[in-house]
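Here's the letter readout for the chains.
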Amino acid sequence: MALEHAILVSLDERPGTGYELARRFDKSIGFFWAATHQQIYRTLKRMDELHWVTAEEITQDGRPDKKVYRVSEPGRQELRRWLEEAGEPATIRHDLSVKVRGASLGDPDQVAAEVARHRDQHAERLDVFRAIEKKDFPDPSALHGRRLHQYLVLRGGIRAEQALVEWCDEVLEAMRGDVRRESREDGVR
């Protein structure tokens, strides 16, 4: 997916300034598609040149003017085209997995500490997702349309974070067991 498509989806949900869009990426859509503020502004400029968005200049007293972006009809056409395009299944590209695989080449305790750090971050994100679910989607059975789709993406995030927490727990337990086995074997020699 290109950043343009994530921006189109977000702007179709609610028009906004580049700053507002960047804040949305920091708080919601960014959990699933990360982008820096600079990337967002550069992409908005390119999307404006492609006529996928329109920008309304709003004059402000005592502050610089701002641009409010909206999805244009060509932008909606691009979004529909992209939605209909067949995509590739997600691939796992996870630095931590490579570190775990290579743990014996360095200091396994350092790798275990890194796994524990990741586990804590995933647990924190899981808590954030569950809080969003509780606050924004108290009755999932009543959802439909856009709200249902937002909820389903959030559920995917919850399940992914749960799986990562469980995997980190499994790795830590296995690495502790490996250390105990090595200690016993060293004592036997």
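Residues numbered from 1 in each chain as written. Predicted model: local features only at pLDDT ≥ 70, side-chain atom pairs only at ≥ 80, totals over all residues. Heavy atoms only, no water.

Draft legend 1. How the structure looks around the overall build of the chain. From N to C terminus, the chain includes 7 helices and 2 strands. From first element to last, N terminus to C terminus, the chain shows the α and β order α-α-α-β-β-α-α-α-α. Taken against the 2.2 N^0.38 rule, which gives 16 Å for 189 residues, the C-alpha radius of gyration of the chain at 22 Å runs more than 25% over that of a compact globule. Taken along its principal axes, the extent of the C-alpha atoms in the chain is 80 × 40 × 40 Å. The buried share of the chain, reckoned over its 189 residues, is 30%. For the chain, the share of sequence-separated contacts (at least 6 apart) that also reach a separation of at least 24 residues comes to 54%. Here the chain has roughly 13,100 Å² of accessible surface; of this, 52% comes from carbon and sulfur atoms. (Helix = DSSP H or I, 4+ residues; strand = E, 2+ residues; numbered from the N terminus. Rg over C-alpha atoms; globule rule 2.2 N^0.38 Å. Buried < 20%, exposed > 50% of the residue type's maximum accessible area, 1.4 Å probe, protein only. Contact = heavy atoms within 4.5 Å. Areas by Shrake-Rupley, 256 points an atom, 1.4 Å probe, with all protein chains shown as cover.)

Draft legend 2. Quick peek at the packing of aromatic side chains. All told, the structure shown has 1 aromatic pair when counted by the stated rule. When the ring of Phe137 is compared with that of Tyr151, the centres are 5.4 Å apart and the planes differ by 55°; the resulting orientation is tilted. In this pair, Phe137 is assigned in the loop between helix 6 (108-136) and helix 7 (145-188) and Tyr151 in helix 7, connecting sequence segments 14 residues apart. (Phe/Tyr/Trp six-rings, centres within 6.5 Å; stacked < 30°, edge-to-face > 60°.)

Draft legend 3. Representation of the domain arrangement of the chain. Considered domain by domain, the chain is made up of domain 1 (1-84) and domain 2 (95-187). In this structure, domain 1 and domain 2 have C-alpha centres spaced 31 Å apart. The interface is formed by 4 residues belonging to domain 1 together with 9 residues belonging to domain 2. Approximately 530 Å² of surface area, both sides summed, lies buried where domain 1 meets domain 2, with 67% of it carried by carbon and sulfur atoms. Linking domain 1 with domain 2 are 1 salt bridge, by the criterion used here. (Domains from an automatic or database assignment. Buried area = accessible area lost by both parts, 1.4 Å probe. Salt bridge = Lys/Arg side-chain N within 4 Å of Asp/Glu carboxyl O.)

Draft legend 4. Quick peek at the pattern of salt bridges. Taken as a whole and assessed by the stated rule, the structure comprises 14 salt bridges. The partner of Asp12 in a salt bridge is Arg146, with the nearest N and O atoms 2.8 Å apart. Taken together, the residues Asp12 in helix 1 (residues 3-13) and Arg146 in helix 7 connect sequence positions 134 residues apart. What makes Arg146 partly exposed here is its relative accessible area of 40%. For the salt bridge of Glu133 with Arg155, the shortest nitrogen-to-oxygen distance reads 3.3 Å. Here Glu133, found in helix 6, pairs with Arg155, found in helix 7; they are 22 residues apart in sequence, far enough to count as distant. Residue class for Arg155 comes out partly exposed when judged on its relative accessible area of 25%. Via salt bridges that share partners, Asp12, Arg76 and Arg146 belong to a single interconnected network.

Draft legend 5. Spatial organisation of helix 6. Look at helix 6: 41 Å from first C-alpha to last across 29 residues, which is about the 42 Å you get at 1.5 Å a residue. Val111, Ala112, Glu114, Val115, His118, His122, Ala123, Leu126, Phe129 and Glu133 are the residues of helix 6 that are buried. N-capping of helix 6 is provided by Asp107, with a side-chain oxygen placed 3.0 Å from the backbone N of Asp109. (Expected span 1.5 Å × (residues − 1). Polar contact = N/O pair within 3.5 Å; in protein donor to acceptor, adjacent residues only side chain to side chain.)

Draft legend 6. Molecular detail of the UniProt feature "domain: Transcription regulator PadR N-terminal" (unreviewed entry) in the chain. Residues given the UniProt feature "domain: Transcription regulator PadR N-terminal" (unreviewed entry) here are residues 7-80. For residues 7-80, helix accounts for 51% and strand for 16%, while the C-alpha atoms at its two ends are 14 Å apart. (UniProt positions renumbered as here; feature names shortened; annotations may be inferred.)

Draft legend 7. Focus on the environment of Gln39. Tracing the sequence through the fold places Gln39 in helix 3 (residues 37-49). For the pair formed by Gln39 and Leu3, sequence separation is 36 residues and the distance between their alpha carbons is 8.5 Å.

Draft legend 8. Quick peek at the environment of Ala86. Looking at the secondary structure, you find Ala86 in the loop between helix 4 (73-84) and helix 5 (95-101). Here the alpha-carbon distance between Ala86 and Ala123, two residues 37 residues apart in the chain, equals 32 Å.

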